[in-house]
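Structure assessment
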Amino acid sequence: MITKFIKRIMRRDPMERGTHIGPAHAPKRIPKKTHRIDPHLLSKNAVKVTHTLQQAGYEAFIVGGAVRDLVLGIGPKDFDVATNATPDQVQRLFRKARLIGRRFQIVHVTFFGKAHPEIIEVSTFRALLDNAGDHVAESGRILRDNVWGSQGEDAARRDFTINAMYYDPSTETVLDYHGGMADMQKKTLRMIGDPAKRYREDPIRMLRAIRFAAKTGFTLDSATAAPISELSALIHDVPAARLFDEILKLLMSGYSWAAIQGLREAGLHHDLLPLLDHILDSKESSKTANDFVKLALANTDQRIQSGKSISAGFLFATLLWPELLKNWQNNIASGMSNIPALHAAMDDTIATQSSGMTIQRRFESDMREIWSMQPRFEKRVGRYPYRLIESPRFRAGYDFMLLRCATGEQKASLGEWWTSFISADPAGQDGLMASAKNEVGNPAGGTSGAKRRRRRKPKSTLPTDSGAGSAEI
């Protein structure tokens with residue numbers, strides 16, 4: 001009798017044996033007339049990958065956020081494919097394919113187009129592990145291994161119901177295991193399984209919940225939202241590089257201000273960006289600092305929603321500027337001269353930031369150049385303006401200075417002067433420098449008494465848009 005019972009348990013679907021996902025069930029098949037996915041929004045390369053795998057006898061679907069965006073009528077930025085083929089089997093089918101990862105390998109299939117290469121990420125269905133992989137770190141975060149499994153198990157391992165749908169381009173059918181389509185109609189973001197346990201498995205899911213809610217305008221399901229404040233400390237147990245990537249995704253989601261407000265409401269903003277501790281606390285933040293960050297993020301969101309490029313270095317420079325400005329002013333008040341005070345403020349601001357989310361060095365270098373350029377905009381005589389506009393980072397520094405003018409931190413006339421100077425011919429530039437000299441006199445470091453070499457007008461012209469993040473760094 002006991003033997004029969006054990007055999008019956010072992011024959012059950014692995015998904016049914018899961019401790020926190022729920023019983024197995026067949027997916028709901030949603031036809032085109034219901035999901036209304038526009039085929040023109042699909043990546044031809046993603047369709048080619050699914051078709052090639054299916055022709056070879058494997059299952060293959062477009063999956064995850066791409067399906068969510070397609071249902072919402074949004075053209076996805078990235079396309080992921082899920083299949084029952086192993087990574088080695090996938091790699092053998094494509095010329096430009098390479099294996100990525102150690103614990104759980106995926107395949108990057110690269111297609112080279114006229115504009116830029118496109119990478120389709122292909123992953124093998126992952127399995128559920130009941131207890132074998134439930135190792136708990138000292139912080140309480142659950143550590144779990146990855147093995148291959150069925151499509152049903154793969155769907156159960158995904159985080160939110162709206163990200164657990166599979167689209168087959170050949171039949172134009174969506175497979176929905178967990179009611180993701182119904183949740184989309186209700187505009188609800190719901191975690192699959194027990195939210196608290198899923199957050200312990202991967203604390204990044206808390207940040208993803210906030211990002212998806214901001215991007216879609218959906219409301220977090222009460223059970224999904226409830227554990228976040230209690231488990232928020234687990235965020236600091238995430239590897240620095242992965243945390244940085246997720247924060248960058250949040251800030252570059254096209255809905256960054258809404259996402260930051262979501263972080264505050266969920267209690268997740270503390271110690272990620274020190275700036276947010278001040279900006280999001282109305283008692284501590286100044287109106288100018290708040291306006292500066294809101295304008296920078298609004299301009300960034302606008303550019304992303306318009307399909308334009310942005311610079312992460314520029315974005316972080318704006319987010320940390322209020323903190324840097326405060327440190328700069330304190331250094332000057334303590335007796336330091338202007339430029340040394342600025343550089344010391346940079347060091348202090350970046351050191352403080354490093355205690356939270358660590359910004360990558362390449363972006364840190366861009367930030368320092370943008371910040372260092374700001375005092376130079378006030379030197380508008382002699383060779384200084386010509387030298388400044390020839391700087392490789394001039395566009396970034398110029399856009400940053402315009403933000404300062406827009407929020408009243410700098411005089412609007414300074415931004416207007418530089419805008420005119422960029423587009424003027426040499427004679428016009430001479431006139432502008434003469435007017436600047438009459439306006440402010442001969443500033444320290446100016447060379448109005450020296451013979452100035454005539455410089456050729458630079459190739460750069462007035463940017464067509466000078467919103468935050470417009471600089472390419």
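All of these numbers come straight from a predicted model, not from anything done at the bench.

The next subject is the overall build of the protein chain. Per the secondary structure count, the protein chain includes 22 helices and twelve strands. The 473 residues of the protein chain split such that 49% are buried. Summarising the internal contacts of the protein chain: among those between residues at least 6 apart in sequence, 67% fall at separations of at least 24.

Below, the discussion takes up helix α17 (residues 338–353). Along its 16 residues, α17 runs 23 Å from first to last C-alpha, staying within 8% of the 22 Å computed at 1.5 Å per residue. Where α17 is concerned, the buried positions are A341, L342, A345, M346, T349, I350 and Q353. One face of α17 carries all of its buried residues, which in axial projection span an arc of 160°.

Once that is clear, we can look at the packing of helix α16 (residues 312–333) against α17. Their axes nearest at 8 Å, the elements α16 and α17 cross at an angle of 135°. Here α17 runs oblique to α16, going by the angle between their axes. Crossing handedness for the pair α16 and α17: right-handed. Where α16 approaches α17, its residues L320, E323, L324, N327, W328, N331 and I332 are matched on the opposing element by N338, A341, L342, A344, A345, M346, D348, T349 and Q353.

Within the secondary structure, K48 is located in helix α3 (residues 44–55). Spatially, the C-alpha atoms of K48 and P169 are 9.6 Å apart, while their sequence positions differ by 121 residues.

Taken as a whole and judged by the stated rule, the model has 18 salt bridges. Across the pair R198 and E201 runs a salt bridge, and its minimum N-O distance is 2.9 Å. Here R198 pairs with E201, and both are found in helix α8 (residues 195–201), just three residues apart, close to one helical turn. E201 carries the same exposure label as R198, and that label is buried. Across the pair E246 and R211 runs a salt bridge, and its minimum N-O distance is 2.9 Å. Here the residue E246 occupies a position in helix α12 (residues 240–251), and R211 occupies one in helix α9 (residues 204–216), the gap between them amounting to 35 residues.

Okay, the sheet that holds strand β9 (residues 165–168) next. Across the sheet, eight strands lie side by side as β1-β10-β9-β2-β3-β6-β5-β4; this open sheet has mixed pairing. This sheet does not close on itself; its edge strands, each paired only once, are β1 (28–30) and β4 (97–100). With strand direction ignored, the average angle separating the axes of adjacent strands in the sheet is 30°. Across three bridges, β1 lies against strand β10 (residues 173–176) in antiparallel orientation. Residue pairing for β10: R29 is matched across the bridge by L175.

Taken as a whole and judged by the stated rule, the model has 18 aromatic pairs. An angle of 65° between the planes, with centres 5.7 Å apart, marks the rings of Y386 and F421 as edge-to-face. Of this pair, Y386 sits in helix α19 (residues 384–389) while F421 is found in helix α21 (residues 412–423), placing the two residues 35 residues apart along the sequence. Here Y386 falls in the buried class, since its relative accessible area comes to 2%. Relative accessible area serves as the criterion here: at 0%, F421 is assigned to the buried category.

A word on the packing of helix α20 (residues 394–406) against α21. In the contact formed by α20 and α21, the axes pass within 8 Å of each other and the chain directions differ by 150°. When the axes of α20 and α21 are compared, the crossing they make is left-handed. Each of F394, Y398, M401, L402 and C405 in α20 lies in contact with α21, whose residues at this interface are A412, L414, G415, W418, T419 and I422.

Let us look at the nonpolar core. V49, L53, V122, L268, F316 and W371 are the most contacted members of the largest nonpolar core, which totals 88 residues. Top element by residues in this core is α16. It accounts for eleven residues. Sequence-distant contacts of W371, that is, excluding residues within four places in its chain, are made with A317, L320, W321, L324, L342, M346, I350 and F400.

What follows deals with α20. The end-to-end C-alpha distance of α20, which contains 13 residues, comes to 18 Å, matching closely the 18 Å that a straight helix rising 1.5 Å per residue would cover. With eleven of 13 residues buried, α20 is to be regarded as a mostly interior element. Here α20 has its buried residues at F394, A396, G397, Y398, D399, F400, M401, L402, L403, R404 and C405. Backbone geometry just downstream of α20 places G408 in the positive-phi region, at approximately 85°.

With that out of the way, let us pick up unusual backbone geometry. Comment: phi is negative for the bulk of residues other than glycine, and the bulk of peptide bonds are trans. In the Ramachandran plot, E172 falls in the positive-phi region, its phi being about 55° despite a non-glycine side chain. Locating E172 in the fold gives a position in the loop between β9 and β10. Positive phi values are uncommon outside glycine, yet K187 reaches one of about 55°. On the secondary structure map, K187 appears in the loop between α7 (180–186) and β11 (188–189).

With that settled, consider the pairing of strand β6 (residues 118–124). Pairing of strand β3 (residues 80–83) with β6, which is carried by four bridges, proceeds in the parallel orientation. If you follow D80 over to β6, its bridge partner there is E121.

Alternating positions in β10 separate into two faces, T173 and L175 on one and V174 and D176 on the other, with burial throughout. In terms of strand pairing, β9 meets β10 through four bridges, oriented antiparallel. Looking at β10, one finds that Y167 is bridged to V174. Hairpin connection, β9 to β10: the antiparallel pair is bridged by four residues, and E172 has positive phi, about 55°.

A separate point is the confidence of the model for the protein chain. Within the protein chain, residue pLDDT values average 82, and 79% of them lie at 70 or more. Scored below 50 in pLDDT, residues 1–23 makes 36 contacts in the model with residues more than four places away or belonging to other chains.

Thresholds, definitions, all that
- Residues numbered from 1 in each chain as written.
- Predicted model: local features only at pLDDT ≥ 70, side-chain atom pairs only at ≥ 80, totals over all residues.
- Heavy atoms only, no water.
- Helix = DSSP H or I, 4+ residues; strand = E, 2+ residues; numbered from the N terminus.
- Buried < 20%, exposed > 50% of the residue type's maximum accessible area, 1.4 Å probe, protein only.
- Contact = heavy atoms within 4.5 Å.
- Expected span 1.5 Å × (residues − 1).
- Arc of directions from axis to C-beta.
- Axes fitted to C-alpha atoms, helices over the stretch in contact; angles between N-to-C directions.
- Parallel < 35°, antiparallel > 145°, perpendicular 65-115°, else oblique.
- Left-handed = near helix turned anticlockwise from the far one by under 90°.
- Salt bridge = Lys/Arg side-chain N within 4 Å of Asp/Glu carboxyl O.
- Pairing = 2+ DSSP bridges.
- Phe/Tyr/Trp six-rings, centres within 6.5 Å; stacked < 30°, edge-to-face > 60°.
- Core = buried A, V, L, I, M, F, W, Y, C linked by side-chain atoms within 4.5 Å.
- pLDDT = per-residue confidence, 0-100.

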